[in-house]
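# Inside the fold
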Amino acid sequence: MSDQRYVVVGGGISGLAAAYALRKKHPQAEILLLEAQDHLGGVIHTDRYSGYVIEAGPDSILRRKPEAIALAEAIGLASIGTNPGAHGAYIYHRGRFYDIPPGVQSGVPTDVWALVQSGLLSWPGKLRAGFDFFLPRITRPNDDIALGRFLRYRFGDEVVDRLAAPMLSGIYAGNIDQMSMDATFPHFKDLEAKHRSIVQGARQTRPAPPSSSGPRPSMFATFAGGLESYIEALSKSLGDVDQRCHTPVVSLEPSSDQGVEVVTEQETIVANGVILAIPAFAAATLLSTHARMVSHVLEAVTYADLAVIGALYKASGPAIPEDKTGFLVPRGEGFQMTACTYVSSKWHYPDVPEGAVIRSYYGRAGEDILAMNDAELLALYRREMHDLLPKLGDPDYTVVFRQPRAIPQYQVGHLRKMAAAVQQLRTDCPRIALAGSYIDGVGIPDCVRRSYAAVEQMD
Ligand SMILES: Cc1cc2nc3c(=O)[nH]c(=O)nc-3n(C[C@H](O)[C@H](O)[C@H](O)COP(=O)(O)OP(=O)(O)OC[C@H]3O[C@@H](n4cnc5c(N)ncnc54)[C@H](O)[C@@H]3O)c2cc1C
């Protein structure tokens with residue numbers, strides 16, 4: 001047996017990517033992956049009811065950040081893109097669905113004429129958005145700022161509340177007025193630094209249109225059978241890595257000569273190195289005795305609870321447009337639903353039966369959406385859908401996914417605090433490294449990148 005042993009704690013995408021990178025780096029070492037629940041994947045899970053694909057958590061991987069798709073390719077898993085016939089989402093406002101005005105990039109308008117023509121904003125709102133052309137800079141290179149404060153200053157409240165917040169804060173289930181710009185959309189800061197006006201900067205840096213007349217490559221990807229196929233393929237690719245579910249790690253004992261003692265309910269495993277690929281609150285508990293400062297910083301990271309409702313309509317007909325991916329519901333419109341994806345329009349998964357699948361999202365930072373039980377959530381869904389899409393009818397199948405403490409909230413100053421925590425842990429417990437979605441990016445590619453960095457940090 002090898003005299004080198006590594007333990008990865010947590011079997012979500014971060015843990016699986018860490019185990020993959022460890023196996024590459026240390027081909028002879030013994031590697032264990034310990035997961036508390038009865039399945040791998042963490043928040044990634046696909047319901048395959050009757051051959052349909054209904055995601056419980058994420059549904060897509062951003063191609064622009066290459067790590068996650070490169071990993072899929074490395075293990076021989078082919079990705080699929082979004083339906084080229086479906087373009088963007090609607091935004092709901094006062095009883096109507098509006099197209100997102102052409103030229104809106106990351107929630108920010110760049111095409112003045114399209115904005116003028118859009119019914120989504122009032123005339124004073126459109127005029128206020130134009131202040132961006134004249135206002136001086138508000139950001140400074142070394143200071144973080146709330147995304148909402150920045151965008152409200154440059155474009156006014158209407159652009160933020162009706163356009164930017166539903167588009168940008170949805171990804172984080174966050175409050176745009178508390179979200180760190182450095183940790184979420186730092187390119188706005190770069191644009192302001194270089195061009196002062198965000199609109200002008202975004203126009204100048206807009207990617208050139210594709211040279212060929214064929215369909216544009218999809219920005220997002222998934223896999224036949226949904227994202228759980230990625231988890232299944234990754235798990236399989238790990239070969240002799242010892243992957244154990246139902247194995248929560250209950251404490252860690254770092255000892256300088258022998259390594260780290262990893263204590264589970266069944267046994268104590270001594271490892272040369274440990275990667276914690278678990279949420280911040282769980283890592284905080286394991287580090288509370290030996291790395292108190294780090295533990296305090298991680299404990300302070302708050303999370304949003306989410307509920308996702310999947311629904312299947314076998315004969316929905318035209319009630320669900322084929323050319324849109326769904327709609328966003330801004331705060332203040334009188335609904336608890338934050339967004340809805342027309343799954344069967346957005347993705348043409350191979351080999352799924354006829355019928356329309358939609359997913360609706362509930363829960364924002366600071367809300368206690370999971371105080372409702374499943375029956376209450378379903379009743380809420382039916383009530384709200386009846387108002388939003390009255391022609392939809394009754395679903396043939398519904399499923400409620402409860403995602404407690406699912407998405408970490410990146411508040412102002414987040415990156416600086418996390419960088420300091422990662423650094424401090426190297427001093428306090430050099431054989432333990434941190435990975436996971438709370439450090440410097442919540443997206444799946446960010447998690448993969450972060451896990452690779454954690455593995456690099458190990459001897
Ligand atoms: C509803 C939703 C939609 C999303 N949509 C997208 C999207 O479309 N695209 C995208 O890129 N990202 C999306 N995200 C974000 C992305 O899915 C997550 O950030 C990412 O999957 C987190 O992976 P992780 O492995 O870091 O954490 P997790 O998935 O939370 O996994 C951590 C694992 O650690 C285990 N664990 C915890 N404590 C212990 C312990 N003591 N011992 C052993 N195991 C432990 C947990 O059981 C869990 O399985 C979405 C997230 C949610 C919730």
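Procedures and definitions
- Residues numbered from 1 in each chain as written.
- Predicted model: local features only at pLDDT ≥ 70, side-chain atom pairs only at ≥ 80, totals over all residues.
- Heavy atoms only, no water.
- Near = heavy atom within 4 Å.
- Polar contact = N/O pair within 3.5 Å; in protein donor to acceptor, adjacent residues only side chain to side chain.
- Areas by Shrake-Rupley, 256 points an atom, 1.4 Å probe, with all protein chains shown as cover.
- Helix = DSSP H or I, 4+ residues; strand = E, 2+ residues; numbered from the N terminus.
- Nonpolar A, V, L, I, M, F, W, Y, C, P; charged D, E, K, R; others polar.
- Domains from an automatic or database assignment.
- Core = buried A, V, L, I, M, F, W, Y, C linked by side-chain atoms within 4.5 Å.
- Buried < 20%, exposed > 50% of the residue type's maximum accessible area, 1.4 Å probe, protein only.
- Contact = heavy atoms within 4.5 Å.
- Axes fitted to C-alpha atoms, helices over the stretch in contact; angles between N-to-C directions.
- Parallel < 35°, antiparallel > 145°, perpendicular 65-115°, else oblique.
- Left-handed = near helix turned anticlockwise from the far one by under 90°.
- Buried area = accessible area lost by both parts, 1.4 Å probe.
- Salt bridge = Lys/Arg side-chain N within 4 Å of Asp/Glu carboxyl O.
- Pairing = 2+ DSSP bridges.

### Some words on the site of the ligand
Not every one of the 35 residues close to the ligand is listed here, only the nearest: Ser-14, Glu-35, Ser-60, Val-442 and Ile-444. At 2.7 Å, a backbone N or O of Ser-60 approaches a nitrogen atom of the ligand. In isolation the ligand offers 1000 Å² of accessible surface; the protein chains occlude 87% of this area. Where the shell around the ligand is concerned, the elements lending two or more residues are helix H1 (13–25), strand E19 (397–408) and helix H16 (444–457). When residues in the shell around the ligand are grouped by element, the largest group, three residues, is from H16. Its residues assigned to classes, the shell around the ligand comprises 20 nonpolar, 13 polar and two charged. Shared between two domains, the shell around the ligand holds at least three residues of each, these being domain 1 (5–43 + 225–301 + 411–457) and domain 3 (305–407).

### Some words on the nonpolar core
The biggest cluster of nonpolar side chains holds 41 residues, and the ones touching the most others in it are Ile-13, Ile-61, Phe-223, Tyr-230, Leu-234, Ile-275 and Ile-444. For this core, the elements supplying multiple residues, two or more each, are strand E1 (5–9), H1, strand E2 (30–34), helix H2 (67–74), helix H10 (228–237) and H16. It is H1 that provides the largest number of residues to this core, a total of eight residues. Residue contacts for Leu-234: discarding those within four places in its chain leaves Ile-13, Leu-16, Tyr-20, Leu-71 and Ile-75.

### Overview of the packing of helix H5 (residues 147–155) against helix H6 (residues 157–172)
Running from amino to carboxyl end, H5 crosses H6 at an angle of 140°, the nearest separation of the two axes being 9 Å. By the angle between their directions, the pair H5 and H6 is classed as oblique. As for how H5 packs across H6, the hand of that crossing is right-handed. In this structure, H5 contributes Leu-147, Leu-151, Arg-152 and Phe-155 to the contact, and H6 contributes Asp-157, Val-159, Val-160, Asp-161, Ala-164 and Leu-168. In terms of residue class, the contact of H5 with H6 is made up of seven nonpolar, no polar and three charged.

### Things to note about the domain arrangement of the chain
Assigned domains of the chain: these are domain 1 (5–43 + 225–301 + 411–457), domain 2 (103–204) and domain 3 (305–407). When each unit is reduced to the centre of its C-alpha atoms, the spacing between domain 1 and domain 3 is 32 Å. Counting residues at the interface gives five residues for domain 1 and four residues for domain 3. Of the roughly 410 Å² buried between domain 1 and domain 3, counting both surfaces, carbon and sulfur atoms make up 60%. Linking domain 1 with domain 3 are zero salt bridges. Taken together, the residues of the side of domain 1 that touches domain 3 sort by class into three nonpolar, two polar and no charged.

### Re the sheet that holds strand E5 (residues 61–62)
On the basis of which strands lie adjacent, the open sheet formed by three strands has the order E5-E9-E6 and antiparallel pairing. The two strands at the open ends of the sheet, each matched to only one other strand, are E5 and strand E6 (80–81). When E6 meets strand E9 (residues 220–222), the two strands line up antiparallel, connected through two bridges. Each residue of the ladder has a partner; that of Ile-80, found in E9, is Thr-222.

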